[in-house]
Amino acid sequence: MVVFDRPMAIVGGGAVDPALLVELAARGVALVGADGGADAIGDAGLLPAAIIGDLDSLADRSEWEARTRVIHIPEQLTTDFQKSLYSTRAPVTLALGMTGKRLDHTLAALSAVLEYAPTRKLLLVDEVDVALAVVGPIAFEAVERERVSIHPLLPISFSHSTGLFYPMDGLTLEPGGLIGTSNEGTGGRVEVVPVDDTPWLLILGKERLWDLIEASQSAA
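Residues numbered from 1 in each chain as written. Predicted model: local features only at pLDDT ≥ 70, side-chain atom pairs only at ≥ 80, totals over all residues. Heavy atoms only, no water.

With respect to the helices and strands, valine 70 occurs in strand 5 (residues 69-72). When the C-alpha positions of valine 70 and glutamate 146 are compared, they lie 41 Å apart, and in sequence the two are 76 residues distant. Beyond its immediate stretch of four places on either side in the chain, valine 70 contacts Ile51, Leu55, Trp64 and Glu65. (Helix = DSSP H or I, 4+ residues; strand = E, 2+ residues; numbered from the N terminus. Contact = heavy atoms within 4.5 Å.)

Attention now goes to the side chain of serine 161. Here serine 161 shows up in strand 12 (residues 156-162). At 2.8 Å, the side chain of serine 161 and the backbone nitrogen of methionine 168 are in polar contact. In this structure serine 161 touches Pro167, Met168, Asp169, Glu191 and Val192, once residues within four positions along its chain are discounted. (Polar contact = N/O pair within 3.5 Å; in protein donor to acceptor, adjacent residues only side chain to side chain.)

Glancing now at the sheet that holds strand 14 (residues 180-184). The sheet built from ten strands is open, its strands ordered 5-4-3-2-7-8-9-16-11-14 with mixed pairing. Each edge of the open sheet carries a strand with a single partner, namely strand 5 and strand 14. Ignoring which end each strand starts from, the neighbouring axes of this sheet average 25 degrees apart. As paired elements, strand 4 (residues 50-53) and strand 5 share four bridges and run parallel to each other. Looking at strand 5, one finds that glycine 53 is bridged to histidine 72. Against the sheet, helix 5 (residues 103-116) makes contact with strand 8 (122-125), strand 9 (129-135) and strand 16 (199-205), and its axis sits at roughly 165 degrees relative to strand 8, the strand it touches most. (Pairing = 2+ DSSP bridges. Axes fitted to C-alpha atoms, helices over the stretch in contact; angles between N-to-C directions.)

In this section: the packing of aromatic side chains. As enumerated under the stated definition, the model contains two aromatic pairs in all. Ring plane angle 80 degrees and centroid distance 5.6 Å describe the contact between phenylalanine 158 and tryptophan 200, whose orientation is recorded as edge-to-face. Of the two residues, phenylalanine 158 is situated in strand 12 and tryptophan 200 in strand 16; the sequence distance between them amounts to 42 residues. For phenylalanine 158, a relative accessible area of 1% translates into the label buried. With relative accessibility at 0%, the residue tryptophan 200 sits in the buried group. When the centroid spacing of 4.8 Å and the interplanar angle of 85 degrees are considered together, the rings of phenylalanine 165 and tyrosine 166 count as edge-to-face. When the ring centre of tryptophan 210 is taken as reference, the NZ or CZ atom of arginine 27 above it lies at 4.1 Å. (Phe/Tyr/Trp six-rings, centres within 6.5 Å; stacked < 30°, edge-to-face > 60°. Buried < 20%, exposed > 50% of the residue type's maximum accessible area, 1.4 Å probe, protein only. Lys NZ or Arg CZ within 6 Å of the ring centre and 35° of its normal.)

The backbone phi angle of leucine 55 is positive, close to 65 degrees, even though this residue is not glycine. Along the chain, the position of leucine 55 falls in the loop between strand 4 and helix 3 (61-65). Judged by its relative accessible area of 11%, leucine 55 is buried. Positive phi outside glycine occurs at serine 182, with the angle close to 60 degrees. Residue class for serine 182 comes out partly exposed when judged on its relative accessible area of 42%.

The complete set of buried residues in helix 1 (residues 18-26) reads Leu20, Leu21 and Leu24. Seen end-on, helix 1 carries its buried residues on one side only, within an arc spanning 105 degrees. Residues of helix 1 that are exposed and point more than 90 degrees away from the buried face comprise Ala19 and Ala26. Residue glycine 28 follows helix 1 closely and has a positive phi angle near 85 degrees. (Arc of directions from axis to C-beta.)

Once that is clear, we can look at the pattern of salt bridges. For the structure on display, the rule yields nine salt bridges. Note that aspartate 17 is salt-bridged to lysine 206, the shortest N-O span being 3.6 Å. Of the two residues, aspartate 17 is situated in the loop between strand 2 (8-11) and helix 1 and lysine 206 in the loop between strand 16 and helix 6 (209-218); the sequence distance between them amounts to 189 residues. Its relative accessible area of 33% is what places aspartate 17 among the partly exposed residues. Residue arginine 147 is joined to aspartate 129 by a salt bridge in which the shortest nitrogen-to-oxygen separation is 2.5 Å. One end of the pair, arginine 147, is in strand 11 (residues 147-152); the other, aspartate 129, is in strand 9, and 18 residues separate them in sequence. Overlapping salt bridges, with partners in common, bring together Glu146, Arg208 and Asp211 in one network. (Salt bridge = Lys/Arg side-chain N within 4 Å of Asp/Glu carboxyl O.)

In short, geometric facts, not functional conclusions.
As structure tokens, then:
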């Protein structure tokens, strides 16, 4: 088990912004390569704290083993993202490179988020957005007309909301039914309160990454 007392970013083989990796490292975020995601970390001029996976897409395993901790998990029942999740602990976990390039990898990442959301503070980061897996209510600040998307991973009912252009009061969202894409803040404090602990996604623009890291640590 690899344990961090600071935020951790698991980096996969999808779309990854090297500049963001550099910023994360500069802010003290531990970088973990999920198999070939380690090469994206290396391409950004950085050294992963660990590399975890079945290692079938790592460019040069022996070279990495000489420089950092490499954990080979050969089982094929889970993805490299899942392997990285069950082999690590951190107060907040970011996931980069888990979306984009391949739709099946994106869907697998969402499945992993649903699986681990009850026990981990998880954020998916792509080229445009950041998605925080939320269990229970959350509150944060949003400017007027800022896009605030609320996406159901499972059928979920909401008690009430404040600060949204389209209130969530009494609504039930579900995949294949009503979803909360492209809602907007009215300016100021936003609060979203579901009726139970069913996991859901709060999706904001990527510029809100650090705000959501903070919000994830204070979410109920």
